[in-house]
Protein chains: 2
Amino acid sequence: MFSKATEYALRATIHIAKNSSENNKLGLAVIAAAIDSPQSFTAKILQLLTRNNKVISSVRGPNGGFYITKKARKLPVRAILEAMHEDKVLEKCVLGLAECSESQPCPMHSQYKQIKHQLINLFENKTIEYLAEEMTEGITFINNKSKKIKVKIEKPGAKKS
Amino acid sequence: MFSKATEYALRATIHIAKNSSENNKLGLAVIAAAIDSPQSFTAKILQLLTRNNKVISSVRGPNGGFYITKKARKLPVRAILEAMHEDKVLEKCVLGLAECSESQPCPMHSQYKQIKHQLINLFENKTIEYLAEEMTEGITFINNKSKKIKVKIEKPGAKKS
DNA sequence: ATAATTAAGGACAAAAATATCCTTAATTAT
DNA sequence: ATAATTAAGGATATTTTTGTCCTTAATTAT
Ligand code: SF4
Ligand code: SF4
């Protein structure tokens, strides 16, 4: 659905929203490790998100890093897609037609349009903050590592299954 | 959502389903023109759809071309995605996690899973035939040309319509 | 002031997706 | 049989996406 770049952008932003504040910034290395993404590529993406004071903010130097402002937390998730210039996928025709309209609908239109509207609503109505809270609830994940597998030697009995 | 290749595959298959039969095959040039796609690239895609008697069929030589069997018409639209090896996008995590599960959900899971299921249902329950019929209803489009601007001079009577 | 730290940004590399071209194989019409 | 037609398929080119590396700029700690 989204490009790798946008997936990383979503994960990074959510992680920053959950784990940072103006006086507790996160460095690139920490973020990339947390969301399981290639570091240098992630740097580019964080730059995009930061440009023009968009979704996240940054400061250089010791104790510098990335963080998100109170205000930015209230942005719809769609703002992340916009920063990545990938927000039009939400409106895009599944058949790839140049535009979607009631007057020139594709054969999937009548079936797909409702799904499309739900998608758009999701990305426009839910805020970055909301997703971070979903994480705080404790049981959602943002990387591919099973939990945090530092259990090592397992004693018989206490299995996570 | 889908790659260009898959978009062309969807459009091509729908067009073939609407306009062909075993004794009225469509040539590459006709198909590519009808769905507004690059001809040579479309050839590759039609090959993929044809391989192993998958979604569409073909014969070479004069009066040859592509067509779709009665049986293939009944296939779910998902079969097209499968032939293009792009069916997993339906199940894919919007955040790009390796897998989606209730036990390891991403922060968008609770909001997105319903949309996802509708998407999967759409592609699994609707058949290729159904989409072709949507077209036959008369008012859906499969290319970017406004209507069919080749009105030119029409002889009344025996055209292949 | 100097050195250390950290993001910004340019240049480049690798891989994947998109697209074209040409030759070959199958089929049909003559 | 021969020639014409049409898809199959290989090779190659172009563009986009993904990714790395290195230098520069900003900031802070000492
Ligand atoms: S709604 Fe139908 S027409 Fe409009 S874009 Fe989606 S699919 Fe194409
Ligand atoms: S449902 Fe939630 S977890 Fe499962 S994939 Fe979609 S987004 Fe990720």
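Quick note: structure is the one above.
Residues numbered from 1 in each chain as written. Chains lettered and ligands numbered in written order. Predicted model: local features only at pLDDT ≥ 70, side-chain atom pairs only at ≥ 80, totals over all residues. Heavy atoms only, no water.

Describe the overall build of chain A, and please don't skip the residues or the numbers.
Per the secondary structure count, chain A includes seven helices and two strands. If you list the helices and strands of chain A from N to C, you get α-α-α-β-β-α-α-α-α. Sorting the 161 residues of chain A into buried and exposed places 46% on the buried side. In chain A, the proportion of contacts linking residues at least 24 apart, taken out of those at least 6 apart, comes to 65%. (Helix = DSSP H or I, 4+ residues; strand = E, 2+ residues; numbered from the N terminus. Buried < 20%, exposed > 50% of the residue type's maximum accessible area, 1.4 Å probe, protein only. Contact = heavy atoms within 4.5 Å.)

Kindly report on the relation of the copies chain A and chain B, identifying the contributing residues and their values.
Between the two copies, chain A and chain B, the superposition gives an RMSD of 0.0 Å; the rotation angle is 180 degrees and the shift along the axis is 0.0 Å. Both copies are brought into coincidence by an operation consistent with a two-fold rotation axis. Taking C-alpha positions as reference, the residue of chain A nearest the rotation axis is Met1 of chain A, located at 2.1 Å. Taken together, the interface assignments show that 98% of the residues at the interface of chain A recur at the interface of chain B, consistent with an identical surface on both copies. (Least-squares fit on C-alpha atoms with pLDDT ≥ 70 in both.)

Would you mind going over the packing of helix H1 (residues 4-19) of chain B against helix H2 (residues 28-35) of chain B in detail, with residue names and values included?
Residue and element names in this part refer to chain B. Running from amino to carboxyl end, H1 crosses H2 at an angle of 115 degrees, the nearest separation of the two axes being 10 Å. Accordingly, the angle class assigned to the pair H1 and H2 is roughly perpendicular. Of the two elements, H1 crosses H2, and the hand of that crossing is right-handed. For the pair H1 and H2, contact is made by Tyr8, Arg11, Ala12, His15 and Ile16 and by Ile31, Ala34 and Ile35, respectively. Broken down by class, the residue content of the contact of H1 with H2 amounts to six nonpolar, one polar and one charged. (Axes fitted to C-alpha atoms, helices over the stretch in contact; angles between N-to-C directions. Parallel < 35°, antiparallel > 145°, perpendicular 65-115°, else oblique. Left-handed = near helix turned anticlockwise from the far one by under 90°. Nonpolar A, V, L, I, M, F, W, Y, C, P; charged D, E, K, R; others polar.)

Explain the pattern of salt bridges to me, and be specific about the residues and the numbers.
The final tally for this structure, using the stated rule, is 14 salt bridges over all chains. For Glu7 of chain B, the salt bridge identified is with Lys92 of chain A, shortest N-O distance 2.3 Å. Taken together, the residues Glu7 of chain B in helix H1 and Lys92 of chain A in the loop between helix H5 (78-83) and helix H6 (109-125) connect one chain to another. In this structure Lys92 of chain A comes out as partly exposed when scored by relative accessible area, which is 31%. Put simply, Arg78 of chain B and Glu82 of chain B hold a salt bridge, and the shortest N to O gap is 3.7 Å. With Arg78 of chain B and Glu82 of chain B both in helix H5 (residues 78-83) and four residues apart, this pair spans about one turn of that helix. Among the ionic contacts, a cluster of salt bridges with common partners joins Arg78, Glu82, Asp87, Glu91 and Glu124 of chain A. (Salt bridge = Lys/Arg side-chain N within 4 Å of Asp/Glu carboxyl O.)

Report on the site of ligand 1, specifying residues and quantitative values.
Around ligand 1, a shell composed of Cys93, Val94, Cys100, Cys106, Met108, His109, Tyr112 and Lys116 of chain A is seen. Along the lines of polarity and charge, the residues of the shell around ligand 1 split into six nonpolar, one polar and one charged. (Near = heavy atom within 4 Å.)

Just give me the short version of the interface of chain A and chain B, but keep the residues and values in it.
In this complex, chain A contributes 42 residues to the contact, which on the side of chain B involves 41 residues. At the boundary of chain A with chain B, total buried surface from both sides reaches about 3600 Å², with 62% on carbon and sulfur atoms. Where chain A packs against chain B, one counts two salt bridges. Summed over the shared surface of chain A and chain B, the result is 13 residue pairs in polar contact (both at pLDDT 80 or more). (Buried area = accessible area lost by both parts, 1.4 Å probe. Polar contact = N/O pair within 3.5 Å; in protein donor to acceptor, adjacent residues only side chain to side chain.)

Account for the side chain of Ser20 of chain B, with residues named and values stated.
Residues and elements named next belong to chain B. Looking at where Ser20 falls in the secondary structure, it is placed in the loop between H1 and H2. Polar contacts involving the side chain of Ser20 include one to the main-chain amide nitrogen of Ile68, which spans 3.4 Å. In contact with Ser20, not counting residues within four places along its chain, are Leu26, Phe66, Tyr67, Ile68 and Arg73.

Any details on the protein's contact with DNA strand C? Residues and values, ideally.
In the vicinity of DNA strand C, 26 residues are found, and the nearest of them are Leu28, Lys44 and Ser58 of chain A together with Arg60 and Pro62 of chain B. The contact in question runs from a base nitrogen of DNA strand C to an N or O atom on the side chain of Gln47 of chain A, over 3.0 Å. The separation between a sugar or linking oxygen of DNA strand C and a polar side-chain atom of Arg60 of chain A is 3.0 Å. For the surface near DNA strand C, the elements supplying multiple residues, two or more each, are helix H3 (39-50), strand E1 (57-59) and strand E2 (65-67) of chain A together with H1 and helix H3 (39-50) of chain B. Split into classes, the residues belonging to the surface near DNA strand C amount to ten nonpolar, ten polar and six charged.

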